[in-house]
Amino acid sequence: MSDCVFCMIARGEIPARVVYSDDLVIAFDDIAPQAPVHTLVVPKQHYDRLGADVPSEVICALFAAVPKVAAAKGVAESGYRVIVNNGPDAMQTVGHLHVHVIGGRRMTHGMVHFE
Ligand code: 5GP
Ligand code: ZN
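For every chain, the first residue of the written sequence is number 1, and numbering continues from 1 along that sequence. Chains and ligands are labelled sequentially in the order written, the chains with letters from A and the ligands with numbers from 1. Given that the model is predicted, a residue must reach a pLDDT of at least 70 before its local features are reported, and side-chain atom pairs must reach 80 or more before they are shown or counted; all residues, however, enter totals for whole chains, interfaces and linings. Here the side-chain values reflect all heavy atoms present in the structure, with hydrogen atoms and water set aside.

**Here we look at the coordination of the zinc ion (ligand 2)**
Rule in force here: With water excluded from the atoms, a metal site may look incomplete; its donors are any N, O or S atoms within 2.8 Å, or within 3.2 Å for Na, K and Ca. Metal sites are grouped by the angles between bound donors: all angles between 85 and 135 degrees with four donors is tetrahedral, opposite donors over 155 degrees apart with the others between 65 and 115 is square planar for four donors and octahedral for six, and any other pattern is irregular. Secondary structure elements are defined from DSSP: runs of H or I of at least 4 residues count as helices, runs of E of at least 2 residues count as strands, and each element is numbered from the N terminus. Each residue's exposure class comes from its accessible area (1.4 Å probe, protein chains only) as a fraction of the maximum for that residue type: buried when under 20%, exposed when over 50%, partly exposed otherwise.
Taken together, Cys-4 (SG), Cys-7 (SG), His-46 (ND1) and His-96 (ND1) make up the full set of protein donors to the zinc ion (ligand 2), lying 2.0 to 2.3 Å away. Geometry at the zinc ion (ligand 2) is tetrahedral, judged from the four donor atoms that bind it and their angles of 104 to 117 degrees at the metal. Counting the intervening residues between successive donors of the zinc ion (ligand 2) yields the motif C-x2-C-x38-H-x49-H. Of the two residues, His-46 sits in the loop between strand S3 (37–43) and helix H2 (56–73) while His-96 sits in the loop between strand S4 (80–83) and strand S5 (99–103), which places them 50 residues apart along the sequence. We note that His-46, like His-96, is buried.

**So, the site of ligand 1**
Heads up, the rule is: The near set for a molecule or strand comprises every residue that places at least one heavy atom within 4 Å of it. In protein, a polar contact requires one atom able to donate a hydrogen and another able to accept it; more generally it is a pair of N or O atoms within 3.5 Å, and residues adjacent in sequence count only if both atoms are side-chain atoms. Method for areas: the Shrake-Rupley scheme with a 1.4 Å probe, in which residue coverage is limited to the protein chains shown.
Surrounding ligand 1, one finds 16 residues, the nearest of these being Asp-30, Asn-85, Thr-93, His-98 and His-100. In this structure, an oxygen atom belonging to ligand 1 sits 3.5 Å away from a main-chain N or O atom of Met-91. Between His-100 and ligand 1, the recorded distance is 2.8 Å, taken from a side-chain N or O atom to an oxygen atom. In the complex, 83% of the free accessible area of ligand 1, which totals 520 Å², lies under the protein chains. Those elements giving two or more residues to the shell around ligand 1 turn out to be helix H1 (5–10) and strand S2 (25–29).

**Considering the packing of aromatic side chains**
Test applied: Put simply, two rings from Phe, Tyr or Trp (the six-membered ring, in Trp's case) pair if the centres are within 6.5 Å, and we call them stacked under 30 degrees between planes, edge-to-face over 60, tilted for the rest.
Using the criterion set out here, one finds one aromatic pair in the structure. Ring centres of Phe-6 and Phe-28 lie 5.3 Å apart, and the angle between their planes is 70 degrees; on these two criteria the pair is classed as edge-to-face. Highlighted residues: Phe-6 in helix H1 and Phe-28 in strand S2, separated in sequence by 22 residues. We classify Phe-6 as buried; its relative accessible area is 6%. For Phe-28, a relative accessible area of 2% corresponds to the buried category.

**Describing the nonpolar core**
For clarity, the cut-off: Here the nonpolar core consists of buried residues drawn from Ala, Val, Leu, Ile, Met, Phe, Trp, Tyr and Cys, with membership extended through side-chain atoms lying within 4.5 Å.
Counting residues in each nonpolar core, the largest one holds 15 residues, and the members touching the most others are Tyr-20, Val-25, Val-41, Leu-62 and Val-69. Of all elements in the fold, only S2, H2 and S5 reach the threshold of two or more residues within this core. It is H2 that provides the largest number of residues to this core, a total of six residues.

**Details of the pattern of salt bridges**
Formally: By salt bridge we mean one thing: a side-chain nitrogen of Lys or Arg within 4 Å of a carboxyl oxygen of Asp or Glu.
Enumeration according to the criterion identifies three salt bridges in this entry. Of the charged contacts in the structure, one is a salt bridge between Glu-13 and Arg-11, with a shortest N-O distance of 2.7 Å. Ionic pairing is found between Asp-29 and Lys-73, a salt bridge with its closest N-O pair at 3.1 Å. With Asp-29 in strand S2 and Lys-73 in helix H2, the pair connects residues that are 44 residues apart, well separated along the chain. Because the salt bridges share partners, they merge into one network encompassing Arg-17, Asp-29 and Lys-73.

Have a look at this one:
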């Protein structure tokens, strides 16, 4: 996807603060962090969102990267929230599958807020 912002970050065409990278995924800090730690893990290949088209090895690589990102950001012990906004009702705003890793501050219980 030539005009997808996360594809462009994965190709190094626009800058991002990269936290972790391997063959299948790249992790970088969110441009508008909602917590002291807010990092996104995305597949290097484009997938719109979680669906049957996403190979299990990509899903595995995404979630295997999460604790590595948490350790790199210093929240492995304190804990963090892992969120995938998937599709319109979840208010996914970037149409390239991504996992939010959010932490660095105590949150309230619960994570679902309706408009
Ligand atoms: P969503 O709402 O789709 O779950 O999350 C998309 C996230 O991508 C948002 O938290 C937003 O701040 C972040 N984002 C959007 N554009 C960019 C960008 O160009 N660079 C980075 N680093 N993050 C971005
Ligand atoms: Zn993309």
